[in-house]
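Listed below, chain by chain, are the residues.
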Amino acid sequence: MKKNLFYIIITSALFSLFPFTASSQARIIKGIVKSGEEVLPAATVTVGNKITLTNYAGEFSVSIMPGNYLLTVTYAGYKKFELSVHSGQTGFLEINMIKDEQVGEVVILGSRSLIQRSNLNTAVPVDVISVKSLLQTSQPGLIQMLSFTVPSLNTSRQTTNEPATLRGLDPDHLLILLNGVRYHSPAVLNNQGAPPGILGRGSVTNDLYSIPFSAIEKIEILRDGASAQYGSDAIAGVMNIELKRSTGKTSINFHLGHYYKGDGGNIILGINRGIPIGKKGFLNFSGDFRYRGPTSRGGKYQGTVYTNNKVQDDSIILARNFSRKTPLVNVGSLKLIHTGFLMNGGYRVNNKTELFWTGAINYRNSYYLAQYRYPKNHNQVITALYPDGFIAKIFSPSWDISGLAGARGETNNKWHWELSSVYGSNKVLYETRNTNNASQFQMGKNAQTDFNCGSLLFKQLTNNISFTKNFTKAFDLLKSLSTSFGAEWRFENYQVKKGEETSYGNYDTTNKTQGGSQGLPGFDTTNAVHASRNMTGMYLDLESDINDHFLIDVAGRYEYYSDFGGNLAGKLAARYKFSDKFLLRGSVSTGFHAPTLHQSYYSATSSSWKDVNGEKVPVLLGTFRNTSDIVRNGFGVPALKPEKAVNLGGGFTSSFCHHFNLTVDAYWIQIKDRIVFSGGFGKNNPDVKNILINYPTIDSVIFISNAINTRTQGADIILNSNWMIRKNDLHISLVANFNRTHIFGVIQSAANLPTNSFNTNTLFTRGDKGKVEQGQPKDKIILNVNYKTRKWIFNVINTRFGKTAFINNTTSSRDEFFSPKILTDVNLNYTLKSWLNIIIGVNNVFDVYPDRLKNYLNTNEGILIYSNEASPFGYNGGYYFLSMAFNF
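Residues numbered from 1 in each chain as written. Predicted model: local features only at pLDDT ≥ 70, side-chain atom pairs only at ≥ 80, totals over all residues. Heavy atoms only, no water.

**Re the overall build of the protein chain**
Line of reasoning, step 1. Scanning the protein chain from terminus to terminus reveals 10 helices and 45 strands.
Line of reasoning, step 2. Against the globule reference of 29 Å for 888 residues, the protein chain gives a C-alpha radius of gyration of 31 Å, in line with a compact fold.
Line of reasoning, step 3. Dimensions along the principal axes, computed over C-alpha positions, put the protein chain at roughly 140 × 60 × 50 Å.
Line of reasoning, step 4. The buried share of the protein chain, reckoned over its 888 residues, is 57%.
Line of reasoning, step 5. Restricting to contacts in the protein chain with at least 6 residues of sequence separation, those with at least 24 account for 69%. (Helix = DSSP H or I, 4+ residues; strand = E, 2+ residues; numbered from the N terminus. Rg over C-alpha atoms; globule rule 2.2 N^0.38 Å. Buried < 20%, exposed > 50% of the residue type's maximum accessible area, 1.4 Å probe, protein only. Contact = heavy atoms within 4.5 Å.)

**Quick word on empty space enclosed by the protein**
Line of reasoning, step 1. The final tally for this structure, using the stated rule, is 19 cavities of 30 Å³ or more.
Line of reasoning, step 2. By volume, the second largest cavity is sized at about 360 Å³.
Line of reasoning, step 3. Contributing to the lining of the second largest cavity are 30 residues, with Tyr183, His184, Ser185, Val204 and Asp233 lying nearest its centre.
Line of reasoning, step 4. Of all elements in the fold, only β14 (174–178), β26 (451–470), β27 (480–497) and α7 (597–601) reach the threshold of two or more residues within the lining of the second largest cavity.
Line of reasoning, step 5. The element best represented in the lining of the second largest cavity is β14, accounting for 3 residues.
Line of reasoning, step 6. Grouping the amino acids of the lining of the second largest cavity by side-chain chemistry returns 11 nonpolar, 11 polar and 8 charged. (1 Å grid on protein atoms, 1.4 Å probe; cavity = no way out; pocket = protein on both sides within 12 Å on 5 of 7 lines; lining within 4 Å. Points joined across faces, edges and corners; volume = space filled by probe spheres on them. Nonpolar A, V, L, I, M, F, W, Y, C, P; charged D, E, K, R; others polar.)

**Re the nonpolar core**
Line of reasoning, step 1. Residues Tyr430, Leu456, Tyr494, Val496, Phe523 and Tyr602 are the most contacted members of the largest nonpolar core, which totals 36 residues.
Line of reasoning, step 2. At the level of elements, β25 (416–433), β26, β27, β28 (529–545), β35 (660–677) and β37 (700–725) are the ones that each hand at least two residues to this core.
Line of reasoning, step 3. Per element, the largest residue contribution to this core is 4 residues, and it comes from β26.
Line of reasoning, step 4. Core analysis: the second largest hydrophobic core is formed by 35 residues, Val131, Ile143, Val150 and Leu166 among them. (Core = buried A, V, L, I, M, F, W, Y, C linked by side-chain atoms within 4.5 Å.)

**Some thoughts on the pattern of salt bridges**
Opposite charge on two side chains lets them pair, provided their charged atoms get close.
Line of reasoning, step 1. In total, this model carries 34 salt bridges according to the counting rule given.
Line of reasoning, step 2. For Arg320, the salt bridge identified is with Asp388, shortest N-O distance 2.5 Å. One end of the pair, Arg320, is in helix α5 (residues 310–320); the other, Asp388, is in the loop between β22 (353–369) and β23 (393–395), with 68 residues separating them in the sequence.
Line of reasoning, step 3. Between Glu410 and Lys414 there is a salt bridge, with its nearest N and O atoms 3.5 Å apart.
Line of reasoning, step 4. Through salt bridges with shared partners, a single ionic network connects Arg182, Asp233, Glu488, Arg490, Glu492, Arg533, Arg557, Glu559 and Asp563. (Salt bridge = Lys/Arg side-chain N within 4 Å of Asp/Glu carboxyl O.)

**A short note on a nonpolar patch on the surface**
Line of reasoning, step 1. Taken together, Phe485, Leu540, Leu542, Val554, Leu572, Val588 and Leu648 make up a surface patch of nonpolar side chains, about 520 Å² in accessible area.
Line of reasoning, step 2. By secondary structure assignment, the location of Leu542 is in strand β28. (Patch = residues over 30% accessible without salt bridge, like charges linked within 9 Å, V, L, I, M, F, W, Y side chains within 5 Å. Areas by Shrake-Rupley, 256 points an atom, 1.4 Å probe, with all protein chains shown as cover.)

**With respect to the sheet that holds strand β3 (residues 44–47)**
By way of backbone hydrogen bonds, the strands of a sheet pair with one another, either parallel or antiparallel.
Line of reasoning, step 1. Read across the open sheet, the 4 strands follow the order β4-β3-β6-β7; overall the sheet is antiparallel. The sheet is open, and its two borders are formed by β4 (50–53) and β7 (81–86), each paired with just one other strand. If you compare each strand with its neighbour and ignore which way they point, the axes differ by 20° on average.
Line of reasoning, step 2. Pairing of β3 with strand β6 (residues 68–74) involves 4 bridges; the strand directions are antiparallel. Residue pairing across strands places Val45 opposite Val73, the latter belonging to β6. (Pairing = 2+ DSSP bridges. Axes fitted to C-alpha atoms, helices over the stretch in contact; angles between N-to-C directions.)

**Some details on the sheet that holds β14**
Line of reasoning, step 1. Ordered by their spatial adjacency, 5 strands build an open sheet running β11-β16-β17-β14-β15, and the pairing between neighbours is mixed. The sheet terminates laterally at β11 (126–130) and β15 (181–182), the two strands that pair on one side only.

**Digging into the packing of aromatic side chains**
Line of reasoning, step 1. Applying the stated criterion to the full structure yields 32 aromatic pairs.
Line of reasoning, step 2. With a centroid separation of 6.1 Å and an interplanar angle of 80°, the aromatic rings of Tyr306 and Phe322 are classed as edge-to-face. Separated by 16 residues along the polypeptide, Tyr306 in the loop between β20 (281–292) and α5 and Phe322 in the loop between α5 and β21 (335–350) bring together distant segments of the chain. Here Tyr306 and Phe322 have matching classes, each one buried. (Phe/Tyr/Trp six-rings, centres within 6.5 Å; stacked < 30°, edge-to-face > 60°.)

**Some thoughts on helix α10 (residues 766–774)**
Line of reasoning, step 1. Taken as a whole, α10 has its buried residues at Gly767, Asp768, Gly770, Val772 and Glu773.
Line of reasoning, step 2. Where α10 is buried, its residues contact β35, β37 and β38 (728–744).

**As for the environment of Ser503**
Line of reasoning, step 1. Considering the arrangement of structural elements, one finds Ser503 in helix α6 (residues 501–504).
Line of reasoning, step 2. Overall, the relative accessible area of 0% leaves Ser503 in the buried class.
Line of reasoning, step 3. Each C-alpha atom, one on Ser503 and one on Asp524, is 8.3 Å from the other, the two residues being 21 residues apart in sequence.
Line of reasoning, step 4. Once residues lying within four places of it in the same chain are set aside, the contact partners of Ser503 are Phe451, Asn452, Cys453, Gly516, Ser517, Pro521 and Gly522.

**Concerning unusual backbone geometry**
Line of reasoning, step 1. Positive phi outside glycine occurs at Ser138, with the angle close to 60°.
Line of reasoning, step 2. Checked against the element boundaries, Ser138 lands in the loop between α2 (131–135) and α3 (142–147).
Line of reasoning, step 3. For Ser138, a relative accessible area of 4% translates into the label buried.
Line of reasoning, step 4. You will see that Asn321, though not glycine, has its phi angle at about 55°, which is positive.
Line of reasoning, step 5. Assignment of secondary structure puts Asn321 in the loop between α5 and β21.
Line of reasoning, step 6. Look at Asn321 and you get exposed, because its relative accessible area is 67%.

**Comments concerning the pairing of β4**
Line of reasoning, step 1. Pairing geometry for β3 and β4, over 4 bridges, is antiparallel. If you follow Thr44 over to β4, its bridge partner there is Leu53.
Line of reasoning, step 2. In this structure, the hairpin formed by β3 and β4 is closed by a connection of 2 residues, where Gly48 is found at a positive phi of approximately 65°.

**Comments concerning the pairing of strand β43 (residues 821–833)**
Line of reasoning, step 1. Relative to β43, strand β40 (residues 792–801) is paired through 10 bridges, and the arrangement is antiparallel. The residue of β43 that forms the bridge with Arg800 is Ile822.
Line of reasoning, step 2. Here β43 hands over to strand β44 (residues 836–843) after 2 residues, the two strands then running antiparallel side by side.

**Side note on α5**
Line of reasoning, step 1. Between the side-chain oxygen at the start of α5 and the backbone nitrogen of Val311 there is a gap of 3.2 Å, and the oxygen is on Asn309.
Line of reasoning, step 2. Positive phi appears at Asn321, one or two residues downstream of α5, with a value of about 55°. (Polar contact = N/O pair within 3.5 Å; in protein donor to acceptor, adjacent residues only side chain to side chain.)

**Focus on the confidence of the model for the protein chain**
Should the pLDDT be low somewhere, the predicted coordinates at that spot are not to be read in detail.
Line of reasoning, step 1. The predicted model of the protein chain averages 88 in pLDDT, with 92% of residues at 70 or higher.
Line of reasoning, step 2. Within the model, pLDDT remains below 50 along residues 1–23, and this stretch shows 2 contacts once partners closer than five positions in the same chain are excluded.
Line of reasoning, step 3. Scored below 50 in pLDDT, residues 192–197 makes 17 contacts in the model with residues more than four places away or belonging to other chains. (pLDDT = per-residue confidence, 0-100.)

**Description of the environment of Ser606**
Line of reasoning, step 1. The topology assignment puts Ser606 in strand β32 (residues 604–612).
Line of reasoning, step 2. Since its relative accessible area comes to 22%, Ser606 is described here as partly exposed.
Line of reasoning, step 3. Ignoring anything within four residues of it in the chain, the contact list for Ser606 reads Pro521, Val619, Leu620 and Leu621.

**Some thoughts on the side chain of Arg625**
Line of reasoning, step 1. Tracing the backbone shows Arg625 in the loop between β33 (615–624) and α8 (629–635).
Line of reasoning, step 2. For the buried Arg625, no salt bridge exists, and the shortest N-O distance to an oppositely charged side chain is 7.3 Å, to Asp524.
Line of reasoning, step 3. A distance of 3.3 Å separates a polar side-chain atom of Arg625 from the backbone oxygen of Thr526. (Lys, Arg positive; Asp, Glu negative; His and termini not counted.)

**Digging into the environment of Arg201**
Line of reasoning, step 1. The residue Arg201 is located in the loop between β15 and β16 (216–222) in this model.
Line of reasoning, step 2. A residue is classified by how much of its surface remains accessible, and Arg201, at 19% relative accessible area, is buried.
Line of reasoning, step 3. A sequence separation of 325 residues divides Arg201 from Thr526, and the C-alpha atoms of the two residues are 23 Å apart.

Okay, structure coming up:
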């Protein structure tokens, strides 16, 4: 009886404790964080004292003990979300975040932390540019869209390409990323087939047109030295192009436009379509077609044509009905046809692993007119074939192919990892038509007129692995601590393939005529090269919110190049937030830019012109490799070495009222041993003639060297405001860049050339110095007013380009200075249907042109009206257009 009573008491006690025990067990709350149809990875979810981040699918899971809690979700650029939850709550929470227009845009660049930040809260300046804002500029191409949006980004309206520069530096000081991964460079060195005043002469250009515009979701531009974070090319900054991931939508964009003059027509068609892969993945397809007609803004040729005797020449011109107004050189934009396709995709294998891939192919063919060859120049023209001379037509078809594959995910102990491999290549072929090889004069009318001049090829394979983890829980004294580290291995290959023999051969034993095809001689056996190298890099990045106010980021990167050795770059960035409305930020970093394979191995012989008292005299220009015996032993120029940079930046951001936010960032960039093309050394110098004794047909020579040191200083100012006026939206932005570059220290000289009456033996002429110091605008200011009412959007953009200058190589009497100009663009946007949007407008409404050349000696005997040396907005004049966007 006592025993049975004992069991009853024990059993009753256990049952009485069971509800307490059961209620003490942890419960799981699950959910997903989205914004519309877009999931938000790495959103911060807080429940009580527990903090977690959403995974790549935007999902989260939090374990809580019994009780009532406040669930808080934060994500940079969105309003805070709060919800009361309790331990007994069941079901799957779907949280929809709302964008906060007052706190900026979420950025990826500038930090590898898992914590998302807006561009108004980062330690370094980052611009976030949506496709919508780019389209509102109504410019006919991505590079021009950016030029009229980002004040510190400049471009040169060159005839063959339009490289982009940041903060007044060279194109290859701006690193281009595609979906966060390094994008390959073009095969072209910034010298071939372009005017002598090209932007970033001697650098490797960048080519944003090889990425279909219809595939782009947004663009981020980090305006700060970032070699320690992203690699050696990021001395000026980084541009990351994010691709679309949308599904279930089709968008078609069509653009048709002409210049006031009636030429230069643009036809642009872009198509984008995304499809889902079940419920876990997507495929997004894009295709672009672009046709750009040529423009001609040249003047009337005033020089002689058939003979140097002016009276006799005028008589022959009249008899043969030769037109001096015929386009005698490509003065304007060239004809271009471009087609591109891109596929972007991703697939979530599970909640912790995602696969991603991108593939693209682009074809472009540009048509360029070379300098007219006059029959008076018997060393260039076979008069039996071309009695009135000729203008060579250069065709340069280009192929871009790229492919990216990778995976990212999260381990069980919360390490976020990413592995990727990307291949990219660019091949450019060169053909000349309607020309001749003057040394074939004995063939008369049967001489060859079309030539295959060879090709350039650049290939790049990049492999990356990275790991990131938030250690906040391990350090109670810190608000956050994030650690990132990773490695990169890159292989590069550069090839110059020779053309057919007749494109470069000289069959005149007397050397009185120029060999090779006029306009663009082919690459010969000595120019042909097949060079490769590899690079290994490792980086470490630590970022911590010390408290609610103080953020610090420390990064270091070691890179080793198989041809130029190793370098260690470092960066320290910090931000102090005084309040939600005001913060200070600053950074100091070192940079490193190894000479590219193009700069190390490119060589060529090209038709050029020597200026003799304003008259263009034909010559052959030899571009020699820095490693050649001519450069090393003949001129006494040392071997190429990497550029070394120091970058200082500082500024503030302020949201001083509900309607305004302001950012101001100043910078100071020093580059030592900057890689540039030398000035030309001609045979009129007896010492140069002696060096070139084994090259009887070469008249002048240039080469790559570390000739100069530069310092660049400036400031970026961005003021944005938003207003609601009777349910209508008014957006006003005022952005500006002020920039100065100057050369300091001793300019490198050719040690084996004496200083005498023939030359100063420096590798950089006063004209070359002028291009660096005054070739880009000293300032650029953009005022954008955007007013939206119901179905209408009215947009006005005023852009002021600061002064530039052309500096003559030898004498100040021929220097030209160009005053600031303001261009006004106006467009009207109407949403006719939910699926149809129409934009009509005019760019450069008031038909503004640069200042005309004032000195006749700079006009190429009357052909040039405007300078090719410094034209940040070109000289094509006003442009009217119609754009239509279809969205299904």
